[in-house]
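# Topology and contacts: notes
Residue-level listing of the chains:
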Amino acid sequence: MSDTTSTAFNPAPSIFARFMASLDRLLLTWHEASVRNGDVPYFGL
């Protein structure tokens, strides 16, 4: 076993990546609410 260890850190996400993640979260929440209400979700854009 070596005396040193290395850890790989992920770079901080860009503003665009954070925007896309929050948009994805919003759309998923909207989709789950639609399914709960019995609405047929739209597929595609």
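Scroll up to find the structure this text is about.
Heads up: these notes are all about the structure in this document. (Residues numbered from 1 in each chain as written. Predicted model: local features only at pLDDT ≥ 70, side-chain atom pairs only at ≥ 80, totals over all residues. Heavy atoms only, no water.)

### Brief notes about the overall build of the protein
The following threshold applies: Strands are runs of DSSP state E lasting at least two residues, helices are runs of H or I lasting at least four, and both sets are numbered from the N terminus onward. Accessible area is worked out with a 1.4 Å probe on protein chains only. A residue is then buried under 20% of its type maximum, exposed over 50%, and partly exposed in between.
Within the protein, the regular secondary structure consists of one helix and zero strands. Counting every position in the protein, which comprises 45 residues, the buried fraction comes to 4%.

### What about a nonpolar patch on the surface?
Test applied: Exposure above 30% relative accessible area and the absence of a salt bridge qualify a residue for a patch, where like charges join within 9 Å and nonpolar side chains (Val, Leu, Ile, Met, Phe, Trp, Tyr) within 5 Å. Working definition of accessibility: Shrake-Rupley area with a 1.4 Å probe, residue cover restricted to the visible protein chains. Whenever Lys or Arg places a side-chain nitrogen within 4 Å of a carboxyl oxygen from Asp or Glu, that contact is recorded as a salt bridge.
There is a patch of nonpolar side chains on the surface, built from Phe-16, Phe-19, Met-20, Leu-23, Leu-26, Leu-27 and Trp-30 and spanning about 740 Å² of accessible area. Relative to the elements of secondary structure, Leu-23 occurs in helix α1 (residues 15-37). Among the residues examined, Leu-23 registers a relative accessible area of 31% and is labelled partly exposed.

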